[in-house]
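Structural features, examined
The chain contents come next:
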Amino acid sequence: MKILFLVYHGFSEHSGISKKIHYQVKGLRENGHDVRLCYYAQSPNGHWCRFVDDDIIQDYGKGALAGLRQRIAYNCIYDYCIREKIEFVYARCFMNANPFLIRLFKKLRKAGIHSVTEIPTYPYDQEFIGYSRQERLKLRIDQLFRHRLYQQMDALVTFSDAERIFGQRTIRISNGVDFDSIPLHQPPLYLERAGGEALHLIGVAEVHDWHGFDRVMTGIGEYYRQKQTALATSHSLRENSHQPDVFFHVVGGVHPNRMNNVFAPIINKYGIQDNVIFHGQLFGDELTKVFNQCQFAIGSLGRHRSGITVIKTLKNREYATRGIPFIYSEQDSDFDQLPYVLKAPADESPIDIQQIVDFMNHFTMKPEDIRHTVEHLTWTIQMQHVLYSIF
């Protein structure tokens, strides 16, 4: 089958979303299909163009007008599909529903070409709280036209449990993993530091409010405050409790506003400057090196802030593929009952660091055993589910 994977933006070498899209394309190809990737990016001469793989199918020019043109001029996609006899279009939602996009998918449907759109997170409206007026205007336009847009498609692909979204039926799959791209974790035991033991936590994300990393930092602060109180009164915090030093490694971009207005006040309040390490963006061997310094990973702890209860995040699957235990607060049926997972309450309480310490003190699963539990979550299998639901 000839498939067009349609993305309304370009790619970054270091973006997790970009990597995910390429893994999805790879998964479709591993199912034996001819897959072409359509995207919008800047060409070497500075013009903004729509590409299919390495070929330009439309040149939109330069500047702000190019950005406007690419939001209304979609005939090049239709013409390509007809010319190349594309049978199926897999699009990724960019919250950009408008009359011009409706017209494109209506023409594709009339031509007998099947289509779906993937909704990466649902619901997503609350994610725009605090965004600029321009971004909120884009969302408003999307809200006005998205029901009509998705009526032109066969289904919506979702990582939630929703059976219908925007009036359209859904195909419910899990975020997938690519085993070839994620090395197996080589965990340390408790690391020595200043004559004592240490537990190292890692959180990998382009950090947003819904990741809830502030809950971990507050939890570390409370852990040390209670530890100091216990020492001062010659009582242990919990009878026979084990209390190593705890460090939180944050890997990924952090917006200056979040750093200055959210993280810094917590760190300064508790005096935990040495316990929270910001690595910035790391990739490949550098990322693996930090992972291998850590014993436990941090998933999303604030999805409730975006009004999301059920979601199958990519990060949980990447942690499991790597073979490291982790914590999260949403509902994820692939992991909720597994022995290498801790569930945090979906609220604003500090994360109970002592609970993580106690959990790790008795944890015996090997990384390869954790990895084995997600063999059914490869992108090859997940994308196959989508095709089986349409054809």
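Fair warning: this is a prediction, and the values are worked out from it, not measured in the lab. (Residues numbered from 1 in each chain as written. Predicted model: local features only at pLDDT ≥ 70, side-chain atom pairs only at ≥ 80, totals over all residues. Heavy atoms only, no water.)

As a further point, take the overall build of the chain. Helix and strand content of the chain: 12 helices and 16 strands. Here the chain has a C-alpha radius of gyration of 23 Å; the compact-globule value for 391 residues is 21 Å, and the two agree. Along the longest, intermediate and shortest principal axes, the C-alpha atoms of the chain span 75 × 45 × 40 Å. With 391 residues in all, the chain has 51% of them scored as buried. In the chain, the proportion of contacts linking residues at least 24 apart, taken out of those at least 6 apart, comes to 70%. Of the roughly 18,100 Å² of accessible surface on the chain, a fraction of 51% belongs to carbon and sulfur atoms. Side-chain charges of the chain comprise 44 positive and 43 negative groups, with the mean position of each set lying 9 Å from the other. (Helix = DSSP H or I, 4+ residues; strand = E, 2+ residues; numbered from the N terminus. Rg over C-alpha atoms; globule rule 2.2 N^0.38 Å. Buried < 20%, exposed > 50% of the residue type's maximum accessible area, 1.4 Å probe, protein only. Contact = heavy atoms within 4.5 Å. Areas by Shrake-Rupley, 256 points an atom, 1.4 Å probe, with all protein chains shown as cover. Lys, Arg positive; Asp, Glu negative; His and termini not counted. Charge placed at Lys NZ, Arg CZ, Asp CG, Glu CD.)

Closest axis-to-axis distance for the helix α4 (residues 99-110)/helix α5 (residues 133-150) pair is 9 Å, and the angle between their directions is 5°. On the basis of the axis angle, α4 is roughly parallel to α5. Listed contacts from α5 to P99, L101, I102 and F105 of α4 are F145, R148 and L149. Here the contact of α4 with α5 is built from residues that sort into six nonpolar, no polar and one charged. (Axes fitted to C-alpha atoms, helices over the stretch in contact; angles between N-to-C directions. Parallel < 35°, antiparallel > 145°, perpendicular 65-115°, else oblique. Nonpolar A, V, L, I, M, F, W, Y, C, P; charged D, E, K, R; others polar.)

The next thing to look at is the pairing of strand β4 (residues 55-61). Sheet topology note: the strand β3 (residues 48-52)/β4 ladder contains five bridges and is antiparallel. Across the sheet, V52 pairs through a bridge with D55, a residue of β4. Between the end of β3 and the start of β4, which pair antiparallel, lie two residues, with D53 showing a positive phi angle near 55°. (Pairing = 2+ DSSP bridges.)

This brings us to the packing of aromatic side chains. Tallying each qualifying case throughout the model produces 21 aromatic pairs. Pairing Y39 with F51 gives two aromatic rings, centres 5.3 Å apart and planes at 5°, and the pair type is stacked. Placement of the pair is Y39 in strand β2 (residues 34-42) and F51 in strand β3, with a sequence separation of 12 residues. Clustering of aromatic rings is evident, with ring pairs tying together F291, Y319, F326, Y328, F335 and Y340. The ring of Y78 is capped by K107, whose NZ or CZ atom sits 4.2 Å from the centre of that ring. (Phe/Tyr/Trp six-rings, centres within 6.5 Å; stacked < 30°, edge-to-face > 60°. Lys NZ or Arg CZ within 6 Å of the ring centre and 35° of its normal.)

What follows deals with a nonpolar patch on the surface. A contiguous nonpolar surface patch, about 370 Å² in accessible area, is contributed by L65, L68, I72 and F100. When you line up the elements, L68 lands in helix α2 (residues 63-70). We classify L68 as partly exposed; its relative accessible area is 48%. (Patch = residues over 30% accessible without salt bridge, like charges linked within 9 Å, V, L, I, M, F, W, Y side chains within 5 Å. Salt bridge = Lys/Arg side-chain N within 4 Å of Asp/Glu carboxyl O.)

The next subject is the environment of V341. Relative to the helices and strands, V341 is located in strand β16 (residues 341-343). Along the sequence, V341 and G176 sit 165 residues apart, while their C-alpha atoms lie 18 Å from each other. V341 has contacts with F326, Y328, F335 and F359, leaving out every residue within four places of it along the chain.

Okay, unusual backbone geometry next. Following Y122, the chain continues to P123 via a peptide bond in cis, the omega torsion being -5°. Relative to the elements of secondary structure, P123 occurs in the loop between β6 (114-119) and α5. The backbone of M95 sits at a positive phi, close to 55°, despite the residue not being glycine. Mapped onto the elements, M95 comes out in the loop between β5 (88-92) and α4. Given the relative accessible area of 25%, M95 is considered partly exposed.

A separate point is the packing of helix α6 (residues 213-232) against helix α10 (residues 353-361). It is at 8 Å that the axes of α6 and α10 come closest, and there the two elements cross at 85°. On the basis of the axis angle, α6 is roughly perpendicular to α10. Residue-level inspection shows V216, G219, I220 and Y223 of α6 in contact with α10, the latter providing I353, Q354 and V357. The residue makeup of the contact of α6 with α10, split by class, is five nonpolar, two polar and no charged.

Let us now look at the pairing of strand β13 (residues 276-280). Side chains on a regular strand alternate between the two faces of the sheet. When strand β12 (residues 245-251) meets β13, the two strands line up parallel, connected through four bridges. Note that in β13 the partner of V251 across the bridge is G280. What joins β12 to β13 is helix α7 (residues 256-270), and the crossover it makes is right-handed. (Right-handed = clockwise from strand over helix to strand, strands pointing away.)

With that out of the way, let us pick up the confidence of the model for the chain. When pLDDT is averaged across the chain, the result is 92; 96% of the residues are at 70 or more. Considering only residues more than four positions removed or in separate chains, one finds that residues 191-195, a stretch of pLDDT under 50, has 10 contacts. (pLDDT = per-residue confidence, 0-100.)

So, about helix α3 (residues 75-84). Along α3, the residues that are buried comprise C76, I77, Y78, Y80 and C81. Backbone geometry just after α3 places K85 at a positive phi near 60°.

For α7, built from 15 residues, the straight-helix expectation of 21 Å at 1.5 Å per residue is met to within 8% by its first-to-last C-alpha distance of 20 Å. Of all the bends found along α7, the most pronounced is centred on F263 and spans about 40°, while P265, a proline, follows it within four residues. Along α7, the positions that sit buried rather than exposed are R258, F263, I266, I267 and Y270. Buried-residue contacts for α7 involve α6 and β13. The first or second residue beyond α7 is G271, which carries a positive phi of 65°. (Expected span 1.5 Å × (residues − 1). Bend = angle between axes of the 7 residues up to and from the residue.)

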